[in-house]
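Examination of the molecular architecture
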Amino acid sequence: MKPWGDRFELKHMTPDALTQLVQSLRTIHIKGRYVHCDIRPSNVVVADSEIVLVDWACAEQIDEVQQWAGSIETIDTATLNNMIAGKPVKRTAAIDLHCLLCTCLLIVLPPSAQNMASQLTSAPAYRNRLGSLWQYIFNITGTKRAVDLAKACDYDGLLSQLISICERASEFESLAL
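Residues numbered from 1 in each chain as written. Predicted model: local features only at pLDDT ≥ 70, side-chain atom pairs only at ≥ 80, totals over all residues. Heavy atoms only, no water.

1. Digging into the nonpolar core
- If you look at the biggest cluster of nonpolar residues, it comprises 56 residues, and the most contacted ones within it are Leu101, Leu105 and Leu162.
- For this core, the element with the highest residue contribution is helix α3 (residues 93-108), accounting for twelve residues.
- In contact with Leu101, not counting residues within four places along its chain, are Phe138, Ala146, Val147, Leu158, Leu162 and Ile165. (Core = buried A, V, L, I, M, F, W, Y, C linked by side-chain atoms within 4.5 Å. Buried < 20%, exposed > 50% of the residue type's maximum accessible area, 1.4 Å probe, protein only. Helix = DSSP H or I, 4+ residues; strand = E, 2+ residues; numbered from the N terminus. Contact = heavy atoms within 4.5 Å.)

Now the structure itself:
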């Protein structure tokens, strides 16, 4: 066990836990006007039966525009392309919600998906292929609607999709990536 909690795994992805996570993000985005900017599997932990989003070092105020500083393994293609091109990125709640969706998918997919995402992000020459990997994952898991809901900042719709993804987790075990 790490000092700040246990790794967030499929067994923790209950409807209540996902609701807690989405509601926390909604509060932070709407009331606090901040975005996390680094949501990925290693930054979601379980501590005392609570789901905790850790590592707020990259957090920014919503609508702030500057170079991307967070992890790239779960960001959307537009943000990734701007980051690769050295362009500033506007911080939005939609980016966080997309990262949450991708984080949940990485948890339910076979380890090869997370390994592939990690390999692509660690080699700058291959980062442009990360967007294609995510498009492939969205296609084979039938989660394109969830991407649209994240983009639209539809917290309740996205939560429903995340719960559905978790309920269908066994379908993803045999996917070849």
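2. What about the sheet that holds strand β4 (residues 50-53)?
- In spatial order, the strands read β1-β3-β4; together these three strands make up an open sheet with antiparallel pairing. Each edge of the open sheet is held by one strand with a lone partner, namely β1 (6-7) and β4.
- Bridge count for β1 against strand β3 (residues 44-47) is two bridges, and the pairing is antiparallel. Each residue of the ladder has a partner; that of Asp6, found in β3, is Val46.
- Where helix α1 (residues 15-32) meets the sheet, it contacts β3 and β4, and its direction lies at approximately 40° from that of β4. (Pairing = 2+ DSSP bridges. Axes fitted to C-alpha atoms, helices over the stretch in contact; angles between N-to-C directions.)

3. What about the pattern of salt bridges?
- Tallying each qualifying case throughout the model produces seven salt bridges.
- In this structure, Arg26 and Asp156 form a salt bridge, with 2.7 Å as the shortest nitrogen-oxygen distance. A residue pair is termed long-range when its members are at least 10 positions apart, and Arg26 in helix α1 and Asp156 in helix α7 (residues 155-167) qualify at 130 residues.
- Between Arg40 and Glu73 there is a salt bridge whose closest N-O contact spans 3.9 Å. Of this pair, Arg40 sits in the loop between β2 (34-35) and β3 while Glu73 is found in the loop between β6 (65-66) and α2 (77-84), placing the two residues 33 residues apart along the sequence.
- Using a relative accessible area of 9% as the deciding quantity, one classes Glu73 as buried.
- A single network of salt bridges, built from pairs that share partners, joins Arg33, Asp63 and Lys90. (Salt bridge = Lys/Arg side-chain N within 4 Å of Asp/Glu carboxyl O.)

4. Here we look at the packing of α3 against helix α6 (residues 144-151)
- Where α3 contacts α6, the two axes come as close as 8 Å, and the packing angle between them is 155°. On the basis of the axis angle, α3 is roughly antiparallel to α6. Like other packed secondary-structure pairs, α3 and α6 cross with a definite hand, here right-handed. Side by side, α3 and α6 meet where Ala94, Leu97, His98 and Leu101 of the first sit next to Ala146, Val147, Ala150 and Lys151 of the second.
- Across the contact of α3 with α6, the residue classes break down as six nonpolar, one polar and one charged. (Parallel < 35°, antiparallel > 145°, perpendicular 65-115°, else oblique. Left-handed = near helix turned anticlockwise from the far one by under 90°. Nonpolar A, V, L, I, M, F, W, Y, C, P; charged D, E, K, R; others polar.)

Everything listed here is a matter of geometry and, on its own, says nothing about what the molecule does.
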